[in-house]
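# Results of the structural survey
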Amino acid sequence: MFGLKTDWSLDVLPRYFSLEDYQGGMARWCPGCGDHGVLTAVQRICRDAQLLPEQTVCVSGIGCSSRFPHYMKTYGFHGLHGRALPVACGVKSRRPDLHIWVATGDGDCCSIGAGHWVHAIRYNMNMVVMLFDNNVYGLTKNQTSPTSQPGLKTNTHPRGAFLPPLNPSLTTLSIANVSFVAQTVDWNPPHVYATLKLAFEHPGLSFVRIFQRCPVFTPLVFEDAQSDPSLVMLLEDENGVTADAAGIKMYKNRVAHDPSDIDKAREIVSREDVLPIGLFFADPNRPRYEMMSSVGADTTIEEKLETFDKELDRFAI
Ligand code: SF4
């Protein structure tokens, strides 16, 4: 009638997402900051996996690296200091279908957020946690962080930090139900990409410590490892990080490491004579809290409301 179309079904065209589809605002990190390369790697992984931007969430706390969600054209939550992980766990608990990337720094995660860090590792919800470790509080302009090396002069320790630094990967490997720990260096983009891709594909919480250059406040901390690749120890295994040859050919110091061996992983990650990178440990079969929390008691909405009403009735006057 009246020549109107009677079939109202929509033709949904297949979507292809380019790199630009994941690029948010212009990154305002300093020139030479290691955060730029990590951002590019994550955007490339999203593009290569064709993640739906509306099903991808970047969560952060406070710090230079925590500006990460602003630079991704996905959902994002720039939270409170140290609180990236409880927010990310909350999102995953209710929406296990979403892809979660967490950006946190050594101050954010290992100091004020340390309690949340421990429990998030144990909860083992499926997400990638990127620890941007530049050994200093950068956003607040140069205070000692839990990973600052002894002797580092900062505003809080002008004569040099004097406590032994925390080793975040060793700490993580000591937490019950840990399921994935890896390390990479921001100045090797192929290795960053390969490490984060492996982390993304792992079913469970993947903790990746990224040694991240801060040319403003800690320009020298990784200088030795940068100028002498023999000080970087590359872990190799068929199930580990396999960056393309161009990305790793400068690393001659290589050791085979079985990532199912957690005792060996702890031993290697403790070494201070070299900077070990690659996959230390992975167990895809550890229990994941979102598998239970998203299902809950497996009750209908009506049953939940009935239970809720009964509870409230207990307080009726
Ligand atoms: Fe990066 Fe350091 Fe600048 Fe912060 S202060 S944006 S960590 S270079």
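Structure first, text after, so check above.
### Regarding the sheet that holds strand S8 (residues 205–211)
As summarised here, the arrangement of the nine strands in space is S2-S1-S3-S4-S8-S7-S11-S9-S10, forming an open sheet in which the pairing is mixed. Taken across any chain shown, the strands that pair with only one partner, and hence form the sheet edges, are strand S2 (75–78) and strand S10 (254–256). The sheet shows a mean angle of 20° between the axes of neighbouring strands, direction not considered. Two elements, strand S7 (residues 180–185) and strand S11 (residues 275–282), share four bridges in a ladder whose sense is antiparallel. For Phe180, the partnering residue across the bridge sits in S11 and is Ala282. Of the strands in this sheet, strand S3 (99–105), strand S4 (127–133) and S8 are in contact with helix H1 (residues 35–49), which crosses S4 at around 165°.

### Digging into the nonpolar core
Ranked by size, the top nonpolar core spans 43 residues in total, and within it Val42, Phe68, Trp101, Met130, Leu196 and Tyr251 carry the most contacts. If you list the elements that add at least two residues to this core, you get H1, S3, S4, S7, helix H6 (189–201), S8, strand S9 (232–236) and S11. Among the elements that line this core, the one with the most residues is H1, at six residues. Ignoring anything within four residues of it in the chain, the contact list for Val42 reads Phe68, Met72, Trp101, Met130 and Leu196. Val59, Cys109, Ile175 and Leu205 belong to the second-largest nonpolar core, a separate cluster that totals 33 residues.

### Brief notes about a nonpolar patch on the surface
Taken together, the side chains of Tyr123, Tyr289 and Met292 present a nonpolar region at the surface, about 270 Å² in accessible area. For Met292, the position within the fold is in helix H10 (residues 289–293).

### A word on unusual backbone geometry
Even without being glycine, Asn135 reaches a positive phi, approximately 70°. With respect to the helices and strands, Asn135 occurs in the loop between S4 and strand S5 (136–137). Even without glycine at this site, Asn177 takes up a positive phi of about 70°. Assignment of secondary structure puts Asn177 in the loop between helix H5 (168–173) and S7. Since its relative accessible area comes to 17%, Asn177 is described here as buried.

What counts and how
Residues numbered from 1 in each chain as written. Predicted model: local features only at pLDDT ≥ 70, side-chain atom pairs only at ≥ 80, totals over all residues. Heavy atoms only, no water. Pairing = 2+ DSSP bridges. Helix = DSSP H or I, 4+ residues; strand = E, 2+ residues; numbered from the N terminus. Axes fitted to C-alpha atoms, helices over the stretch in contact; angles between N-to-C directions. Contact = heavy atoms within 4.5 Å. Core = buried A, V, L, I, M, F, W, Y, C linked by side-chain atoms within 4.5 Å. Buried < 20%, exposed > 50% of the residue type's maximum accessible area, 1.4 Å probe, protein only. Patch = residues over 30% accessible without salt bridge, like charges linked within 9 Å, V, L, I, M, F, W, Y side chains within 5 Å. Areas by Shrake-Rupley, 256 points an atom, 1.4 Å probe, with all protein chains shown as cover. Salt bridge = Lys/Arg side-chain N within 4 Å of Asp/Glu carboxyl O.

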